[in-house]
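Next come the chains, spelled out residue by residue.
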Amino acid sequence: MSKKECIAMLLAGGQGSRLGALTSKIAKPAVSFGGKYRIIDFTLSNCANSGIDTVGVLTQYRPYRLHAYLGSGAAWDLDEQGGGISILPPYATQDGGAWYAGTADAVTQNLDYIKSHDPEYVLILSGDALYRMDYRAMLHEHIEHNADLTVAVMPVPWEDASRFGILTADDDHRILKFTEKPEKPDSNLASMGIYIFTADFLINALEEDAVDQRSSHDFGGDIIPNALAAGKRLYVHEFHGFWKDVGTIASYHETSMDLLGSHPDFDLYDYDTPIMSNDTTRPPHYIGPEGRVDDCLVSNGCKIMGTARHSIISTDAIVEERAVVEDSVLLPGAVVKSGAYVSRAILGENAVVEEGVKLGSVDTTRDTAVVGNDVVIGKGE
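A few points on the structure. (Residues numbered from 1 in each chain as written. Predicted model: local features only at pLDDT ≥ 70, side-chain atom pairs only at ≥ 80, totals over all residues. Heavy atoms only, no water.)

1. Focus on the nonpolar core
Of all hydrophobic cores here, the largest spans 58 residues; its most connected members are Ile40, Leu44, Leu123, Leu125, Tyr135, Ile194 and Tyr252. Not counting chain neighbours up to four residues away, the residues in contact with Tyr135 comprise Thr43, Asn46, Cys47, Ser50, Ile52, Leu123, Leu125, Ile194 and Ile196. Within the second largest apolar cluster, 34 residues are counted, among which are Tyr113, Leu149, Ile223 and Leu234. (Core = buried A, V, L, I, M, F, W, Y, C linked by side-chain atoms within 4.5 Å. Buried < 20%, exposed > 50% of the residue type's maximum accessible area, 1.4 Å probe, protein only. Contact = heavy atoms within 4.5 Å.)

2. A closer look at the sheet that holds strand E17 (residues 303-304)
Strand order across the open sheet formed by 6 strands is E14-E17-E20-E23-E26-E29, with parallel pairing between neighbours. Where the open sheet ends on each side, the last strands, each with one partner, are strand E14 (286-287) and strand E29 (376-377). Bridge analysis of E14 against E17 gives 2 bridges, and the strand direction is parallel. When the bridges of E17 are listed, Tyr286 appears paired with Lys303. (Pairing = 2+ DSSP bridges. Helix = DSSP H or I, 4+ residues; strand = E, 2+ residues; numbered from the N terminus.)

3. A word on the pairing of strand E9 (residues 165-169)
Of all 5 residues that make up E9, 4 are buried, and the element is covered over most of its length. Sheet topology note: the E9/strand E10 (residues 175-180) ladder contains 5 bridges and is antiparallel. Bridge assignment links Ala169 to a residue of E10, and that residue is Ile175. Looking at chain direction, E9 and strand E11 (residues 189-198) are connected through 2 bridges and run antiparallel. Bridge assignment links Leu167 to a residue of E11, and that residue is Leu189.

4. Some details on the sheet that holds strand E18 (residues 307-309)
Reading across from one edge, E15-E18-E21-E24-E27 is the order of the 5 strands in this open sheet, with parallel pairing throughout. Where the open sheet ends on each side, the last strands, each with one partner, are strand E15 (292-294) and strand E27 (358-360). Strand-to-strand twist of the sheet, defined as the mean angle between neighbouring strand axes without regard to direction, takes the value 5°. As defined by bridge partners, E15 adjoins E18 across 3 bridges and the pair is classed as parallel. Counted as the bridge partner of Asp294 is Arg309 from E18. (Axes fitted to C-alpha atoms, helices over the stretch in contact; angles between N-to-C directions.)

5. Brief notes about the packing of aromatic side chains
Using the criterion set out here, one finds 11 aromatic pairs in the structure. Consider the rings of Phe33 and Phe42, whose centres lie 5.9 Å apart with planes at 80°: the pair is edge-to-face. Neither residue differs from the other here; Phe33 and Phe42 are each classed as buried. When the centroid spacing of 6.1 Å and the interplanar angle of 25° are considered together, the rings of Phe197 and Phe201 count as stacked. The exposure class of Phe197 is buried, given its relative accessible area of 0%. Classification of Phe201 as buried rests on a relative accessible area of 12%. Counting every residue linked through ring pairs, the aromatic cluster contains Phe33, Tyr37, Phe42, Phe242, Tyr252 and Phe266. (Phe/Tyr/Trp six-rings, centres within 6.5 Å; stacked < 30°, edge-to-face > 60°.)

In structure tokens form, the structure reads like this:
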């Protein structure tokens, strides 16, 4: 197997419990997003567009649909021999089997995969966020600084800094301090949970962490603070593009709405760095004679016979006659039946809102209504 300059380890085993009904049956990275995509598509597309052709996907919670979706990796041009996508679930050892204890432990349990590719650098990613990033720029800075570890950071408003892991750096971008959710932050550079390690350093750090009984085996909680205390060469890479964590219902809904409008905050249609998907080919969407669509993303396979306004209508969703859907997200296969009214809601995959039902509210002070996958909402529910 030829030596790789940089491989990626994508942490995709999270339960995503804050997404409630949307992750009751599937892993968070497999949740549908933006009509024809799933959350993991954005990170995989970034890898492909950055020339990183070897990606280990570490799965854990309810992985079946995610495994089936990833397939051979061909949808993202990640199916080459000697590289491509490799699915890395937890596995039993002579000492037994257990779920990953933390983000660092997940990678530690797959060190043999890393060593088999003998890379110079390892990129650690999560499949939880919506963003477009060229990892080559970050890798270039890492090499230029002769760094042991480079952490991607994003400037956040000072009033929000206490909600994040904050990195303080000098004028040369070298990290001086890392503080998790500081009460009085002295920097507004928030960690994005994206790391590039020099491979030898990563392997040594993880092997030492694995035998530390005091460790929680987490990159942010243990690996970075220990490396900083040991005087290792840690640097930040500043990112200034669009980046949103879609880990809560509120952020999922808000970020979905960010895709709409004549000048959306995030452009799904960028030709040079496309977001790729393993969505199967479907017939074109159909808008009926009385159908009305205003400011929506409408995916293939949809039938809109009623009215849809400022919404995301995912693959194979149906809005029947006299039904109204506004400010909402319909995941694949969701059905809003005749005369129903849906506002500020997220309907799970294959969910059904029965005839005449009113769901959600135009009142923005109220929580977004959420219907889980395969759930039927009738009158009086």
